[in-house]
Amino acid sequence: MDANDICLPDWFAKQVSFLDQNSRYVLIGGCIATMDADARPIGSTQIPTEHEKIDTQNLRGTVSVLQPTVMIRREVVLKCDGHLTDMIAAEDLDLWFRMAEIGRLANLPDIVLKYRIHDQSISGSKQHKQREMRRLSCEAAWARRGLTDTRFDYGEWRMDGSLDSRRTFCRSYGWQAWQHGHRATWRHYALCSVALAPFSKGAWKLLIAGAMKRPPASSRASDE
């Protein structure tokens, strides 16, 4: 967990309770609410909660256990020899693979952390290296498990500072904020999108359609 993220007050109690009641599980994560560098709320994650779905997505490079939310059993980490130094930028995914070969993984359906997204983070500034190392981690897990029918689906999930990335993710953050009812955040990113790409139909669609419509009430987290 980074110093600029926000832990929700009942996070540890929920995870300790889960592990106390489920001895087969070696790791428990949780969902996150995302915000930008200025603490504007963006949206929330949709991640699987069951072991089989978590492990399947992990094996494709789509990490479905979010490292800042994880609580793990100490004895299992020691048995796995912890993080491997030759898997830098993908140490977490590699450890989840090795732990899943000993026990079961799970995620709470609850939001346990407010996670700050910014392009100066390790995942933002070293995305290409992280992609390369995640693929190597997946290939090592495929080999250990004798898997042959595999594919690698990893995709960048936040901006990296380049102009193209900023344009793409401003639209993405704008639509996420709109979907979750965060109107002030939607407005900020809609205007940023138009400023960055004034001739883009997608940028103008975000601004105009977002202003004219409201998301379904069931999807709105709040309405600023």
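The structure reproduced in this document is the subject of the present report.

What about the side chain of Asp92?
Mapping Asp92 onto the fold places it in helix 4 (residues 91-100). The side chain of Asp92 sits in the buried core without any salt bridge; Arg134 is the nearest counter-charge, 4.6 Å away. If sequence neighbours within four positions are ignored, Asp92 has contacts with Gln67 and His83.

Re the packing of aromatic side chains
Across all of its chains, the model carries 5 aromatic pairs by this definition. Considering the side-chain rings of Phe18 and Tyr25, the 5.2 Å spacing of their centres and the 75 degrees angle between planes classify their relative orientation as edge-to-face. Overall, the relative accessible area of 13% leaves Tyr25 in the buried class. An angle of 90 degrees between the planes, with centres 5.5 Å apart, marks the rings of Trp175 and Trp178 as edge-to-face. Note that Trp175 and Trp178 are positioned in helix 7 (residues 163-179) at a spacing of 3 residues, about one turn of the helix.

Things to note about the pattern of salt bridges
Going through the model one piece at a time under the given rule, you end up with 12 salt bridges. Of the charged contacts in the structure, one is a salt bridge between Arg40 and Asp36, with a shortest N-O distance of 2.8 Å. Judged by relative accessible area, Arg40 falls into the partly exposed class, the value being 24%. Residue Arg144 is joined to Glu101 by a salt bridge in which the shortest nitrogen-to-oxygen separation is 3.1 Å. You can see Arg144 sitting in helix 6 (residues 127-145) and its partner Glu101 sitting in the loop between helix 4 and strand 5 (104-117), a full 43 residues away along the chain. Residues participating in the shared-partner salt-bridge network are Asp55, Glu101, Arg144 and Arg145.

Quick notes on the rules
Residues numbered from 1 in each chain as written. Predicted model: local features only at pLDDT ≥ 70, side-chain atom pairs only at ≥ 80, totals over all residues. Heavy atoms only, no water. Helix = DSSP H or I, 4+ residues; strand = E, 2+ residues; numbered from the N terminus. Buried < 20%, exposed > 50% of the residue type's maximum accessible area, 1.4 Å probe, protein only. Lys, Arg positive; Asp, Glu negative; His and termini not counted. Salt bridge = Lys/Arg side-chain N within 4 Å of Asp/Glu carboxyl O. Contact = heavy atoms within 4.5 Å. Phe/Tyr/Trp six-rings, centres within 6.5 Å; stacked < 30°, edge-to-face > 60°.

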